[in-house]
Amino acid sequence: MASKTKRRPATEINRIAKALDDAQRKAAPIAQLSSKKDGALSLDDAYRTQATTIALRLKRGDVRSGVKMGLTSRAKAAQMGVFEPVYGRLTDGMLVQDGGSIAFADYCHPRVEPEIAYLLKSSMSGRLSPTEAMTHVEAVAPAIEIIDSRYRNFKFSLEDVVADNTSASGYVLGPWAAPDVDTSNLGMVLEFNGRAVEVGSSAAILGHPERSLAEAARFAAETGDELQAGFIVLAGAASAATALTPDTSVKLTVEVLGSTGFNVTG
Ligand code: 0L1
Ligand code: MG
């Protein structure tokens, strides 16, 4: 990830990471980094900032639980005006139990995305084909990602959103299935209070969610991260994201794989 922008000193990366971490904990969005004079980061520095925000979570007791791919479908990229897949990091503190609840007030402006999750049985890194990547997979599940930008108005540049851990905020996992399920073109329905808000196919995730899985291994190698056995890989959204509302029951059903969901309290 070469860049012409000067590499920022660690003190500056730490300051930006702390501002994003504070915004997340206080549910109080901040101005986009790129909107400030000299605020724009290189992509390298954005990934360094992301790693630093995760280090702050780990210091508070979270444990790394996996990674996520973002901006993987055309609908999603068009919604945000950012046309490049991105990579973020998950911790166990972000896991919302299947059937559990979150409080709307704990978030800046949360949205949800219908996704597919893979559970790794062995570590992987570097340039792998989707078939090679699948040899590291223990199981596959329907998943909902909760995203929440720490920037005002949910607006950002590519570098802004990478620094903000690609808006990663929460994830919900459905039942695990054997990895030989063909995930290339599964119907996906996201419902709010029993009403369909997004209908799509897993094929919208980079053409095949297994391609996104392989991309995660490449991103890990390029950003100095590690994909370990036991990690979850969220392959990315099959559609645009839908804004959450208080007092909402959210359910995702993925053909063959089954359903998962959670509730939003007011
Ligand atoms: O998971 C995603 O696709 C989100 C990536 C970052 C863009 C956003 O926050 O919408
Ligand atoms: Mg996502």
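This section reports on the structure supplied with the text. Just so you know, these numbers come straight off a predicted model, no measurement behind them.

**Things to note about the coordination of the magnesium ion (ligand 2)**
Taken together, Glu-113 (OE), Glu-115 (OE) and Glu-145 (OE) make up the protein donors of the magnesium ion (ligand 2), found 2.0 to 2.1 Å from the metal. For the magnesium ion (ligand 2), all donor residues lie on one chain, and their spacing in sequence is E-x1-E-x29-E. One end of the pair, Glu-113, is in strand 4 (residues 111–120); the other, Glu-145, is in strand 5 (residues 137–147), and 32 residues separate them in sequence. Judged by its relative accessible area of 4%, Glu-113 falls in the buried class. Since its relative accessible area comes to 0%, Glu-145 is described here as buried.

**Some details on the layout of surface pockets**
Its boundaries defined by the atoms lining it, the largest pocket holds a volume of some 270 Å³. Forming the boundary of the largest pocket are 16 residues, of which Gln-24, Arg-57, Asp-106, Tyr-107 and Ser-169 lie nearest the centre. Residues belonging to the lining of the largest pocket are distributed by class as follows: six nonpolar, three polar and seven charged.

**What about helix 2 (residues 43–59)?**
Here helix 2 is 17 residues long and its end C-alpha atoms lie 24 Å apart, about the 24 Å a rise of 1.5 Å per residue gives. Among all positions in helix 2, only Leu-43, Asp-45, Ala-46, Tyr-47, Thr-49, Gln-50, Thr-52, Thr-53, Ile-54 and Arg-57 are buried. Looking at the buried positions of helix 2, the neighbouring elements they touch are helix 1 (10–26), strand 1 (64–70), strand 2 (86–91), helix 5 (158–163), strand 6 (168–173) and helix 6 (209–223).

**Let's talk about the pairing of strand 4**
Of all 10 residues in strand 4, 10 are buried, a share of seventy percent or more. For strand 4 and strand 5, the ladder comprises 10 bridges, and the chain directions are antiparallel. Paired with Tyr-118 across the bridge in strand 5 is Val-140. Where strand 4 and strand 10 (residues 242–243) come together, two bridges link them in antiparallel fashion. Within the sheet, the bridge partner assigned to Val-112 lies in strand 10 and is Thr-242. Strand direction decides the pairing type here: strand 4 and strand 9 (residues 232–234), joined by three bridges, are antiparallel. Within the sheet, the bridge partner assigned to Tyr-118 lies in strand 9 and is Val-233.

**Description of the nonpolar core**
In this structure, Val-112, Tyr-118, Leu-213, Leu-227, Leu-244, Val-250 and Phe-262 are the most contacted members of the largest nonpolar core, which totals 64 residues. Looking at this core, the element that brings in the most residues is helix 6, giving six residues. Filtering out sequence-adjacent residues up to four positions away, Val-250 remains in contact with Val-112, Ile-144, Leu-190, Glu-191, Phe-192, Leu-244, Thr-260, Gly-261, Phe-262 and Val-264. Formed by 12 residues, the second largest nonpolar core is a distinct cluster that contains Leu-90, Leu-119, Leu-173 and Leu-234.

**Points about the site of ligand 1**
Taken together, 13 residues lie around ligand 1, and Lys-68, Leu-71, Lys-76, Glu-113 and Ser-167 are the ones closest in. The contact in question runs from an oxygen atom of ligand 1 to an N or O atom on the side chain of Lys-68, over 2.7 Å. Starting from 300 Å² of accessible surface for ligand 1 in isolation, the protein chains cover 100%. At the level of elements, strand 1, helix 3 (74–80) and strand 5 are the ones that each hand at least two residues to the shell around ligand 1. Across the shell around ligand 1, the residue classes break down as six nonpolar, three polar and four charged.

**Notes on the environment of Thr-183**
The residue Thr-183 is located in the loop between strand 6 and strand 7 (187–192) in this model. We classify Thr-183 as buried; its relative accessible area is 1%. Put simply, Thr-183 and His-208 are 25 residues apart on the chain and 7.3 Å apart in space, counted from C-alpha to C-alpha. Contact partners of Thr-183, with chain neighbours within four places excluded, come to Tyr-118, Val-140, Ser-202, His-208, Pro-209 and Glu-210.

**So, the side chain of Glu-210**
For Glu-210, the location among the structural elements is in helix 6. Within the buried set, Glu-210 has no salt-bridge partner at all; the shortest N-O distance to an opposite charge, 8.8 Å, is to Arg-211. When residues no more than four places from it in sequence are discounted, the contact partners of Glu-210 are Tyr-118, Pro-130, Met-134 and Thr-183.

**A look at the pairing of strand 11 (residues 248–254)**
Burial along strand 11 is one-sided: the residues Thr-248, Val-250, Leu-252 and Val-254 are buried and none of Ser-249, Lys-251 and Thr-253 is. Taken together, the five bridges between strand 7 and strand 11 define a ladder with antiparallel strand orientation. Looking at the pairing, Leu-190 lines up with Leu-252 of strand 11. Across seven bridges, strand 11 lies against strand 12 (residues 258–265) in antiparallel orientation. Note that in strand 12 the partner of Lys-251 across the bridge is Gly-261. As consecutive antiparallel partners, strand 11 and strand 12 are separated by three residues, and within that stretch Val-256 has a phi angle of approximately 70°, a positive value.

Rules used throughout
Residues numbered from 1 in each chain as written. Chains lettered and ligands numbered in written order. Predicted model: local features only at pLDDT ≥ 70, side-chain atom pairs only at ≥ 80, totals over all residues. Heavy atoms only, no water. Donors = N, O, S within 2.8 Å, 3.2 Å for Na, K, Ca; no water. Helix = DSSP H or I, 4+ residues; strand = E, 2+ residues; numbered from the N terminus. Buried < 20%, exposed > 50% of the residue type's maximum accessible area, 1.4 Å probe, protein only. 1 Å grid on protein atoms, 1.4 Å probe; cavity = no way out; pocket = protein on both sides within 12 Å on 5 of 7 lines; lining within 4 Å. Points joined across faces, edges and corners; volume = space filled by probe spheres on them. Nonpolar A, V, L, I, M, F, W, Y, C, P; charged D, E, K, R; others polar. Expected span 1.5 Å × (residues − 1). Contact = heavy atoms within 4.5 Å. Pairing = 2+ DSSP bridges. Core = buried A, V, L, I, M, F, W, Y, C linked by side-chain atoms within 4.5 Å. Near = heavy atom within 4 Å. Polar contact = N/O pair within 3.5 Å; in protein donor to acceptor, adjacent residues only side chain to side chain. Areas by Shrake-Rupley, 256 points an atom, 1.4 Å probe, with all protein chains shown as cover. Lys, Arg positive; Asp, Glu negative; His and termini not counted. Salt bridge = Lys/Arg side-chain N within 4 Å of Asp/Glu carboxyl O.

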